[in-house]
Amino acid sequence: MARKTFATGMLDALGHSLQQDPSVAVFGAWSFIVGRGLPAEQEEAFFEKYGDRLIDPPTSESVIAAMATGAAVCGMRPFVNFGTSSFAFEAWNQIINETGNARFMSNGQLKAPLVFHMYCGIRGGGAAQHSQSPQSMFANAPGLELVMPSTPADAQGLLRTAIKSDNPTIFLTHTKLLQWMGDTPDGDFATPFGKADVKRAGRDITVVATSLMVREALTAAETLAKEGIEIEIVDPRTIVPLDTAAICASVEKTGRLLVAEEAVATCSIASEIITIVAEHALHALKAPPVRVARPSAPLAYAPTLEKVVTPDAEKIVAAVRRMLTK
Amino acid sequence: MTASLTSGERLALLERMLLMRRFEEEVISAAAAHKYIGRNHLYIGHEAVGGPALIQLGARDVTHSTHRNHGHMIARGVDPGKALAEIMGRVGGLCGGRGGTWHMTDPTKGFGSTSAMVGGSIGMSVGAGFARKQQGEGVSVALFGDGVLDEGISYEALNYCSKFSLPVLFLCENNSQEGAHITSMLAAKRLTDVPASLDIETHVVDGSDAEAVHETVRQALAKIRADSCPIFIETQLARWPGSHQMRPEHTTGVTDVTLAWDETRIAGEHDDWVRSHDPIRKYAAKLLSSGAATKDGLLAIDARVKEQMAAARAYAEASPFPPAQTALENVFA
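Residues numbered from 1 in each chain as written. Chains lettered and ligands numbered in written order. Predicted model: local features only at pLDDT ≥ 70, side-chain atom pairs only at ≥ 80, totals over all residues.

A.B. asks: Can you tell me about the overall build of chain A, naming the residues and giving the values?
C.D. replies: Looking only at helices and strands, chain A features 14 helices and 14 strands. Relative to a compact globule of 326 residues, whose C-alpha radius of gyration would be 20 Å, chain A shows 20 Å and is just as compact. Along the longest, intermediate and shortest principal axes, the C-alpha atoms of chain A span 60 × 45 × 40 Å. Out of the 326 residues belonging to chain A, those deemed buried represent 55%. Pairs at least 24 residues apart make up 81% of the contacts formed inside chain A by residues separated by at least 6 positions. (Helix = DSSP H or I, 4+ residues; strand = E, 2+ residues; numbered from the N terminus. Rg over C-alpha atoms; globule rule 2.2 N^0.38 Å. Buried ≥ 20, exposed ≤ 12 C-beta atoms within 10 Å, placed from the backbone. Contact = placed C-beta atoms within 7 Å.)

Below you can see the structure in the form of structure tokens.
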């Protein structure tokens, strides 16, 4: 086991991928690698070793997404770092119409093995355009895998799988997770998609949480444990594919469901998970399921206005208490 | 006549162009017979661009095409039966009926993903150029119409290729020279002003002159392969009178190769297009007058092409629609 940050976990996965597969190329390399906590000499070594495959393109998101797709179809494995997820909206047409459809339209003759990485979530002071949580938009577009890791080990293992995958993968990193430390297996490893991870076992309520909300749920669990309430935190880790069996199994055990997601609640991943549980495990529910998510409004800049709508440990604690006292 | 083409190559080029034309005539005929939904963007009138340009490409060269892709497919040697079956939505089509007229592709003939979004092909062609440069062999050819330069991604694509010296031939088919259906609303005086402003070599060529296109593309490809650089070629065409949106009509009639030597029989509402712009009639007449072809030789070529298309039509019609239970296949690997 090694202690490392979420950011260095991802860099290790990228390093292993570049080392083992000459078809891996990185677009938007500088902003992904530099300033993420590596010692200066390790940053330099990255560029010395893989310089010809570490590319810093012009600010042209549309063509970057299109060229990654074209290159993937021609045998490369591009990793694209869009930076903030809002910037990927500039490439919406390419990601949805070209990347996600390429395999299906060609009846499986073509594949587009690439990763679109982007930073998402409420970062503090990002205001409306730099605080997006676009996960349900991507989940609604067929043909794209969707990954939302919450720990350094998951970040490393899932990124390794994403780069190896023959499908296009959207990889969402919450900005606030980057410097989170955690135990990580040694060496090169890959974590399978579609396998949820129970981040904390409990008997009273199933809390399905994604990305940063896993950390918030873990904080909430400490508070609630002091009150004798044990929540079970299920981290799906990948939204497409989604481990519905693990979610339903937990609800069968606890009889209650709360979904914590930072995105706007309307048509969210939280909505989808509650729907799936209603379809498959309604009989197990002892109380109506609850979403802890954002109201449908753009995010404001001022800290007071930001905090009041941001899902966090406090709001999870309050929702759990309400569910159990009803 | 261009020194780089032998007589045999000239006849082969004409035969390929005629196959492209007869293919589209079969598409119109199948639509008229209600064999499928019948929405298409046909390649008639463009044969002297796709034919001589794409017939030169090698196995490692990648083409990305558009909504007007039928001719590009046939030009690169795709099986016309499988292509027609795809347009008719059949399981025996190039993409098993999943792509249809808008998204035909055949990676065994060098095609990447075919996009029906205006500006779709030009972006992905940059990626093909990047890949082939990394891999050390092959070039990328972006096929697109004049309207694509109205899209922002064109500027991004041209800029990237110029900045990173990618081996991409931008082959623009400008069929908005005149008439009522102008698809380009560019403020620049010439389409080539845009790539030229980004330090890309540009050429303009008559898109109804097969050998002029062949030579311009031949020289461009040689330079792209040698120097790894982008080059932009604008081919200028008269829009085919049948090219209405969505439901083309065969307003100029089924192609009659004998008009190559008997101009007096050219008639009808669109006689000017047939006389002055039909690239196949023009090339056939040129080969006759230069002695490279004979009337009997042309008739024999046409007979072969008709036979090939009859077999293609039979194959396509015999192929069933894909089974409903396969609707969700091939979303993911």
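A.B. asks: Break down the overall build of chain B for me, citing the residues and quoting the values.
C.D. replies: The helix and strand inventory of chain B stands at eleven helices and five strands. Taking 333 residues into account, the globule formula puts the C-alpha radius of gyration at 20 Å, and chain B, at 19 Å, falls close to it. In terms of overall dimensions, chain B has C-alpha extents of about 55 × 50 × 40 Å along its principal axes. Across the 333 residues that make up chain B, the buried fraction comes to 51%.

A.B. asks: Can you break down unusual backbone geometry residue by residue, with the values?
C.D. replies: In the segment running from valine 240 of chain A into proline 241 of chain A, the intervening peptide bond is cis, with an omega of 0 degrees. Inspection of the secondary structure puts proline 241 of chain A in the loop between strand E12 (238-240) and helix H11 (244-254). Phi is positive for histidine 34 of chain B, which is not a glycine, with a value near 55 degrees. Classification of histidine 34 of chain B as exposed rests on a count of 8 C-beta atoms within 10 Å. Its identity is not glycine, yet serine 165 of chain B carries a phi of approximately 50 degrees, on the positive side. Residue placement: serine 165 of chain B occurs in the loop between helix H6 (152-163) and strand E3 (168-174). Serine 165 of chain B gets classed as partly exposed once you count the C-beta atoms within 10 Å, which come to 13.

A.B. asks: Before we move on, could you go through the sheet that holds strand E7 (residues 169-174) of chain A and cite the residues and values that matter?
C.D. replies: Residues and elements named next belong to chain A. Read from one edge of the open sheet, seven strands run E3-E2-E4-E5-E7-E6-E12, paired in mixed fashion. The strands lining the two open edges of the sheet, one partner per strand, are strand E3 (54-55) and E12. Two elements, strand E2 (residues 24-27) and E3, share two bridges in a ladder whose sense is parallel. Pairing of phenylalanine 27 across the sheet is with isoleucine 55, part of E3. Here helix H9 (residues 152-164) sits on the sheet and contacts E2, strand E4 (77-84), strand E5 (115-120), strand E6 (145-147) and E7; the angle it forms with E7, its principal contact strand, is near 155 degrees. (Pairing = 2+ DSSP bridges. Axes fitted to C-alpha atoms, helices over the stretch in contact; angles between N-to-C directions.)

A.B. asks: Summarise the interface of chain B and chain A; cite the residues concerned and give the values.
C.D. replies: Taken together, the 36 residues of chain B in the interface contact 34 residues of chain A. Going through the elements one at a time, strand E1 (62-64), helix H5 (120-135) and H6 of chain B are the ones with two or more residues in the side of chain B that touches chain A. Element by element, the count of residues in the side of chain B that touches chain A is highest for H5 of chain B, at twelve residues. Residues belonging to the side of chain B that touches chain A are distributed by class as follows: 15 nonpolar, 17 polar and four charged. (Nonpolar A, V, L, I, M, F, W, Y, C, P; charged D, E, K, R; others polar.)

A.B. asks: Account for the nonpolar core, with residues named and values stated.
C.D. replies: Grouped together as the largest cluster of nonpolar side chains are 178 residues, with contacts concentrated most on Val80, Phe116, Val207 and Ala217 of chain A together with Val126, Leu169 and Ile233 of chain B. Taken domain by domain, this core gets at least three of its residues from each of domain 1 (2-184) and domain 2 (197-325) of chain A. When residues no more than four places from it in sequence are discounted, the contact partners of leucine 169 of chain B are Val139, Val141, Ala142, Ala220, Leu221, Ile224, Ile231 and Ile233 of chain B. (Core = buried A, V, L, I, M, F, W, Y, C linked by C-beta atoms within 7 Å. Domains from an automatic or database assignment.)

A.B. asks: Residue-level account of the environment of phenylalanine 189 of chain A, with values.
C.D. replies: Note on placement: phenylalanine 189 of chain A falls in the loop between strand E8 (181-184) and strand E9 (197-200). Separated by 145 residues in the primary sequence, phenylalanine 189 of chain A and glutamate 44 of chain A place their C-alpha atoms 24 Å from one another.

A.B. asks: Describe the sheet that holds strand E11 (residues 231-235) of chain A, with residues and values.
C.D. replies: Residue and element names in this part refer to chain A. In spatial order, the strands read E9-E11-E10-E13-E14; together these five strands make up an open sheet with mixed pairing. Strands at the two margins of the open sheet, each flanked by one partner only, are E9 and strand E14 (290-294). Each neighbouring strand pair of the sheet contributes to a mean axis angle of 25 degrees, computed without reference to strand direction. Bridging between E9 and E11 involves three bridges; their strand directions are antiparallel.

A.B. asks: So, the environment of leucine 11 of chain B: which residues are in play, and what are the values?
C.D. replies: Residue and element names in this part refer to chain B. Note on placement: leucine 11 falls in helix H1 (residues 7-32). Between the alpha carbons of leucine 11 and serine 121 there is a distance of 30 Å; along the sequence they are 110 residues apart. Those residues in contact with leucine 11 that sit more than four places away from it in its chain are Ala292, Ala293 and Ile301.

A.B. asks: Run through the domain arrangement of chain A, naming residues and quoting values.
C.D. replies: Residue and element names in this part refer to chain A. As assigned here, chain A comprises domain 1 (2-184) and domain 2 (197-325). Domain 1 and domain 2 are separated by 26 Å when their C-alpha centres are compared. Each partner contributes to the interface: domain 1 provides 24 residues, whereas domain 2 provides 21 residues. Only helix H8 (135-139), E6, H9 and E7 provide two or more residues apiece to the side of domain 1 that touches domain 2. When its residues are assigned to classes, the side of domain 1 that touches domain 2 shows 13 nonpolar, eight polar and three charged.

A.B. asks: So what's going on with helix H4 (residues 80-87) of chain B? Which residues, and what values?
C.D. replies: Residue and element names in this part refer to chain B. Burial of H4 is extensive: eight of the eight residues sit out of reach of the surface. Listed as buried for H4 are Pro80, Gly81, Lys82, Ala83, Leu84, Ala85, Glu86 and Ile87. Contact partners of the buried residues in H4: H1, helix H3 (70-75) and helix H11 (295-318). Of the residues flanking the end of H4, it is glycine 89, one or two places downstream, whose phi is positive at about 70 degrees.

A.B. asks: Can you explain the packing of helix H1 (residues 6-20) of chain A against H9 of chain A? Please cite residues and give values.
C.D. replies: Residue and element names in this part refer to chain A. One can describe the packing of H1 onto H9 by two numbers: an axis separation of 8 Å at closest approach and a directional angle of 25 degrees. Compared by their axis directions, H1 and H9 come out roughly parallel. You can see that H1 and H9 cross each other, and the crossing is right-handed. From H1, Phe6, Gly9, Met10, Asp12, Ala13, Leu14, His16 and Ser17 reach across to H9, where they touch Pro152, Ala153, Ala155, Gln156, Leu159, Arg160 and Ile163. When grouped by side-chain class, the residues that make up the contact of H1 with H9 number nine nonpolar, four polar and two charged. (Parallel < 35°, antiparallel > 145°, perpendicular 65-115°, else oblique. Left-handed = near helix turned anticlockwise from the far one by under 90°.)

A.B. asks: Which residues make up the packing of helix H2 (residues 47-54) of chain B against helix H8 (residues 210-227) of chain B, and what values go with them?
C.D. replies: Angle between the axes and distance between the axes are the two parameters that describe a pair of packed helices. Residues and elements named next belong to chain B. Direction vectors running N to C along H2 and H8 enclose 40 degrees, while the axes themselves pass 8 Å from each other. Regarding the angle of H2 to H8, the classification is oblique. Both H2 and H8 take part in a crossing whose hand is right-handed. Counted together, Ala48, Val49, Gly51, Pro52 and Ala53 of H2 and Ala210, Glu211, Val213, His214 and Val217 of H8 form the full contact between these two elements.

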